[in-house]
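# Working through the structure, step by step
Read off the chains here:
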Amino acid sequence: MRTMPPRLFLLLPLLASLPGTAAAEALRTVPQDVSYCRELAARLAPLPGAEKEPARSLAEEGVRLCDDGYVRTGVAKLRRALKAAQGR
Amino acid sequence: MRILLVEDDAEVGRFVKKGLQEAGHTVEHVPNGREGLFMAAGENFDLLVLDRMLPGGIDGVRLVETLRGQGNHTPVLFLSALAGVDERVKGLKAGGDDYLVKPFAFAELLARVEALGRRPAVDAPATRLKIADLELDLLSRTVTRGGKRIDVQPREFRLLEHLMRHAGQVVTRTMLLEKVWDYHFDPQTNVIDVHVSRLRQKLDKGFEKPLIHTVRNAGYMIRAEP
Amino acid sequence: MAPPPHPRPGHAAGRPPPHPVRRRVQQHPGPLWRLLSSTSFRIALLFATLFLLAGLAFTGVLWWGTAGTLERQIDAAIRADALALAERWREAGDDAVAEAISERLALDAEDQTAYLLTAPDGRRLAGNLEQLPEDYRTDIQWYAMTLLRDGIPGEARLYVVQLPDGSHLAVGRDVGEKLRLRALLTEGLAWSAGVAILFAFAGAWLLRRWLEERLIPATATAALIAGGDLSPRVPLAGRDDEFEALGRSMNTMLDRIAHLMEGVRGVSDAIAHDLRTPIARARSRLEEALETSDDPAALKGALERGIADLDNVTRVFQAVLRIAEVEAGARRAAFAPLDLVPLLADAAELYGATAEENGQTLRTEWPKSLPLTGDRDLLLQAIANLLDNAVKFTVPGGTITLSAEMQEDAVLIRVADEGPGLSAEDRQRVGERFFRADSARATPGSGLGISLVRAVVQLHGGMLWFEDGQGTQPDYPGLTVCLGLPVA
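Small disclaimer: the values here were computed from a predicted structure and weren't measured. The written sequence of each chain sets the order in which its residues are numbered from 1. Following the order in which they are written, the chains are lettered starting with A and the ligands numbered starting with 1. The predicted origin of the model limits local features to residues at a pLDDT of at least 70 and limits the giving and counting of side-chain atom pairs to 80 or more, whereas totals for whole chains, interfaces and linings rest on all residues. Only hydrogens and water are removed before side-chain values are computed, so all heavy atoms of the structure are retained for them.

This brings us to the overall build of chain B. Going along the chain from the N terminus, every DSSP run of H or I of four or more residues is numbered as a helix, and every run of E of two or more is numbered as a strand. When helices and strands are counted, chain B shows 8 helices and 12 strands. Whether a residue is buried, partly exposed or exposed follows from its accessible area with a 1.4 Å probe, protein chains only, as a fraction of its type maximum: under 20%, in between, or over 50%, in that order. Across the 226 residues in chain B, those meeting the buried criterion constitute 50%. Just so you have it, chain B exposes about 10800 Å², and 51% of that area is on carbon and sulfur atoms. The protein chains shown are the only cover counted for residues, whose accessible areas, like all others here, come from Shrake-Rupley with a 1.4 Å probe.

As structure tokens, this is what we get:
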């Protein structure tokens, strides 16, 4: 009786795992670098909505962040700019 | 009779042994259950007189149960300070034939000893009992004396039958109460005496020789000789 | 008791000080320990555990409904995405899929997706994943794993499709939402568990106090009785609950014990009262005979009277013990269904002769059969005692009536005599041991007869009472003793 509650807590994660799923070792993503920022900026440029707000300022900010070395944040801004430019 | 007495109290043992010897019996006295069982199983006795509470790990009840288990059917009389009705039943169930509570009058003990010891081994299917000129027909349940029919009540018939089956032996008042009335307690007054004297009047009326005799301090006896 | 040894001065020096008297410290358990070991705490703990289990079950359902749904939705999205990409691959080949993957990644502002397209030789063609899971097996499509995004770990699910030419397509999504939800629920559960345990303690404490309060009457009474006073009883508040039932059964038990104690006291009273007299009488007779009588016949007579006195002592003793035995209720085991009629007939037959001898008439009157459950020997003895008294007290020429009748649920037995009767006060006192009415002083008897009758009647759950007798002479109004014995 006394040992029951902790054991029940251990049961919780078990609820999460579904059948047919394998637990894999940790995977890595390809590091995002300044060239990816350029690629995203290039992908934005021909879009018709690229010059509209807020896409334009987001892209500008993203490129600046990338150049300042904050690649991850910059990529996120550029992706949001792309989304905005596509009207999504 | 050869009697084995198993009694741990030396004084009571001595008293009983002496009394029984004076009455013409041979008595072996042992003070504990172990020796008692040893003697009872090894030698032939006509009667065992056992105290119920005995030292030595084997009490009276155990002793009797063991003997009966061995197929030994020597009559057993329990002497006991345990007076409760249940105790008596326990003793008789274990295989005892009679049960006498301490303290007792020696006459009572002697009467019971003789009644047990002279009991016919097999109840012969007698149909008539006869003492002198008194006859008891057990089938027609009639009593005649000198050929003359005597009217008795059913209970009086049983009383007379009991006395005649133990003719020549003393039968005490408590024995009559137990055997004829199936009473197992002291009725305090002399009810038995009244019944016996009524029976006696019926039997002896018009005859010279009395048959039922009073034995002082003991009880009654039926016999031909005065 | 030897005095404690004193260390002698000469020996005390240079030795360790004498062993200190080992004081046995009575271990008083702390209040917490008392609470923990109490029944009420166990009850409260049981409820807390039940509460916790209910909480767990509730959380489980909640988990299934929220996190499970989330996961299933994510899985569905991943599968749809992967299938769309695989379709695209079949239509347009590697480059189109690579472009589609780049497009999707470009729009993933929250950085929650993961893609990988590999060539048949394992080379990465597109996507943001470095490689397939190391333990990738072609027969397993779903993988749950830790995904390091720029070194920051997160949980993700991955779906891997092998394309017909041996290249692989992997599509994944972060499941951080699910993890946050799980953390939230776990935290909630932990809190409620804590609260439940707190409630358990508080509840235990309250329950304990309440129980103690309700048990105080019983424990206080028990303490008083343990202290030697048998008279207190558990006060009853008139509520109809378990504690009242406990109090009531305690009181019944105490009444019974008190009654038995009275019985024991009665036995010692009896020994003091009624045994001393005959013993003293026997003793003085024997002593007198020893000192004065040289005549063998007189000596013999004295001895015989002495023995008779001793027999009387035995008789009283037997009666006292019998009453004690009956009152203790030890003989209920011998109860059996029986017919009272042959029993009454036996008793009437036994005493009828004596009555006749005294010039009395014994009249009897009962139906054909009187079924009853009881102890044959004791009932017979009770009736015999009543008849014995009636025969003793009825005037010569008088009538004694023994009658019995069946009432609704009881058998009523009456023994009516034509004796001196009993005054109202005496009727109250009859049945007290050794009580003998003044009018009976001259008659032999121990005064225990009615006591035994009363005990037997009580053992059978019946009643004993007295009514006026059937006497016709002024000084002999008579007495009727009535016994009501329940049939069942």
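On to the side chain of His460 of chain C. Residues and elements named next belong to chain C. Checked against the element boundaries, His460 lands in the loop between α11 (449-459) and β11 (463-468). The exposure class of His460 is buried, given its relative accessible area of 8%. N or O atoms within 3.5 Å of each other form a polar contact, as long as, within protein, one can give a hydrogen and the other can take it, and as long as residues adjacent in sequence are counted only when both atoms are side-chain atoms. Among the polar contacts made by the side chain of His460, one reaches the main-chain carbonyl oxygen of Val456 at a distance of 2.8 Å. Other than its neighbours up to four places away in sequence, His460 contacts Phe335, Thr373, Gly374, Asp375, Leu379, Leu485 and Pro486. It only takes one pair of heavy atoms within 4.5 Å for two residues to be counted as in contact.

All right, on to helix α5 (residues 176-226) of chain C then. Residue and element names in this part refer to chain C. With 51 residues, α5 ought to run about 75 Å at 1.5 Å a step, and its terminal C-alpha atoms sit 69 Å apart, in line with that. Maximum bend of α5: about 50°, positioned at Leu215, with proline Pro217 one to four residues after it. Just beyond α5, the residue with positive phi is Gly228, at close to 115°. For a helix, the expected span equals 1.5 Å multiplied by the number of residues minus one. A residue's bend is simply the angle between two axes: one fitted to the seven residues ending at it, one to the seven starting at it.

Moving on, we come to the interface of chain C and chain B. On the side of chain B, 24 residues touch chain C, which itself brings 25 residues to the contact. Buried area is a sum: the accessible area each of two parts loses on coming together, probed at 1.4 Å, counted once for each and added. Taken together, the two surfaces of chain C and chain B that pack against each other cover about 2300 Å², and 48% of this comes from carbon and sulfur. The rule for a salt bridge is simple: a side-chain nitrogen of Lys or Arg has to be within 4 Å of a carboxyl oxygen of Asp or Glu. Our enumeration of links across chain C and chain B arrives at 5 salt bridges. A salt bridge links Arg376 of chain C to Asp182 of chain B; the nearest nitrogen and oxygen atoms lie 3.9 Å apart. The tally of links between chain C and chain B comes to 7 residue pairs in polar contact (both at pLDDT 80 or more). Of all the elements in the fold, those that place two or more residues in the side of chain C that touches chain B are α7 (296-327), α8 (340-357) and α9 (376-393) of chain C. By residue number, the principal contributor to the side of chain C that touches chain B is α8 of chain C, which donates 9 residues. Residue classes in the side of chain C that touches chain B are distributed as 7 nonpolar, 5 polar and 13 charged. In this classification, Asp, Glu, Lys and Arg are treated as charged, Ala, Val, Leu, Ile, Met, Phe, Trp, Tyr, Cys and Pro as nonpolar, and every other residue, Gly included, as polar.

Looking now at the interface of chain A and chain C. Each side of the interface is counted separately: chain A has 34 residues, and chain C has 47 residues. Ranking the residues of chain A by area buried against chain C places Leu27, Thr29 and Arg79 of chain A at the top, with a combined share of 19%. At the boundary of chain A with chain C, the tally comes to 5 salt bridges. Asp111 of chain C is paired through a salt bridge with Arg72 of chain A; the nearest N and O atoms lie 3.2 Å apart.

Here we take up the sheet that holds strand β7 (residues 134-137) of chain B. Within a sheet, neighbouring strands are paired by backbone hydrogen bonds and run either parallel or antiparallel to one another. All names here are of chain B. Strands sit in the order β6-β7-β8-β9 across an open sheet of 4 strands; the sheet is antiparallel. Two strands lie at the open edges of the sheet, namely β6 (128-131) and β9 (148-150), each paired on one side alone. When the angles between neighbouring strand axes are averaged without regard to direction, this sheet yields 25°. By the convention used here, strands pair only if DSSP detects at least 2 bridges between them. Note: strand β8 (residues 142-145) against β9, 3 bridges, orientation antiparallel. Considered in β9, the bridge of Val143 is made with Ile150. Orientation is described by lines fitted to C-alpha atoms, with helices fitted over the stretch in contact, and by angles between N-to-C directions that extend from 0 to 180 degrees.

With that settled, consider the pairing of β8 of chain B. Residues and elements named next belong to chain B. Pairing analysis gives 4 bridges linking β7 to β8, with the strands arranged antiparallel. Paired with Leu134 across the bridge in β8 is Arg145. Joining the antiparallel neighbours β7 and β8 is a turn of 4 residues, in which Arg141 adopts a positive phi near 50°. In textbook terms, the turn of a hairpin is the stretch between consecutive antiparallel strands, and for β8 and β9 this stretch comprises 2 residues, one of which, Gly146, has a positive phi near 55°.

Residues and elements named next belong to chain B. Note on placement: Thr142 falls in strand β8. A polar atom in the side chain of Thr142 sits 2.9 Å from the side chain of Ser140. Setting aside anything within four residues of it in sequence, one finds Thr142 in contact with Glu135, Leu136, Asp137, Arg149 and Phe157.

This part is about the packing of aromatic side chains. All names here are of chain C. Stacked, edge-to-face and tilted are the three classes for Phe, Tyr and Trp ring pairs, Trp counted by its six-membered ring, which pair at centre distances within 6.5 Å; planes under 30 degrees apart are stacked, over 60 edge-to-face, the rest tilted. A complete count under the given rule lists 5 aromatic pairs over all chains for this structure. With 6.1 Å between their ring centres and 45° between their planes, Tyr136 and Tyr143 make a pair best called tilted. Each of the two residues, Tyr136 as well as Tyr143, counts as buried. Aromatic side chains Trp142 and Tyr159 sit 4.6 Å apart centroid to centroid with 50° between the ring planes, which places their arrangement in the tilted category.

For the rest of this paragraph, the subject is the state of the cysteines. Residues and elements named next belong to chain A. A pair of cysteine sulfur atoms is labelled a disulfide when the two atoms are within 2.5 Å. For the coordinates displayed, the defined rule picks out 1 disulfide over all chains. Between the sulfur atoms of Cys37 and its disulfide mate Cys66 the distance is 1.8 Å. Taking the sign of the torsion about the S-S bond as the criterion, the disulfide between Cys37 and Cys66, at about -65°, is left-handed. One end of the pair, Cys37, is in helix α2 (residues 34-44); the other, Cys66, is in helix α3 (residues 55-67), and 29 residues separate them in sequence. Of the residues examined, Cys66 reaches a relative accessible area of 1% and is grouped as buried.

Residues and elements named next belong to chain C. Structurally, Thr277 is set in helix α6 (residues 242-292). Note on Thr277: relative accessible area 41%, which makes it partly exposed. Counting along the chain gives 32 residues from Thr277 to Asp309, while the straight-line C-alpha distance between them is 9.6 Å.

Right, let's talk about the packing of α7 of chain C against α11 of chain C for a bit. Residue and element names in this part refer to chain C. Packing of α7 against α11 leaves a shortest axis separation of 9 Å and a crossing angle of 15°. Taken together, the axis directions place α7 and α11 in an arrangement best described as roughly parallel. Between α7 and α11 lies a crossing whose hand is left-handed. Contacts from Arg322, Ile323, Val326 and Glu327 in α7 reach Ser451, Leu452, Ala455, Val456 and Leu459 in α11. Along the lines of polarity and charge, the residues of the contact of α7 with α11 split into 6 nonpolar, 1 polar and 2 charged. Here the word oblique covers every angle except those under 35 degrees (roughly parallel), over 145 (roughly antiparallel) and from 65 to 115 (roughly perpendicular). For any pair of crossing helices, the crossing counts as left-handed if the nearer helix is rotated counterclockwise from the farther one by less than a right angle, and right-handed if it is rotated clockwise.

The side chains of a regular strand alternate, residue by residue, between the two faces of the sheet. Residue and element names in this part refer to chain C. Counting buried positions along strand β12 (residues 479-486) yields 7 of 8 residues, so the element is predominantly enclosed. Summarising the sheet, strand β10 (residues 410-416) and β12 pair through 7 bridges and their orientation is antiparallel. Each residue of the ladder has a partner; that of Ala416, found in β12, is Thr480. The pairing of β11 with β12 spans 6 bridges and is classified as antiparallel.

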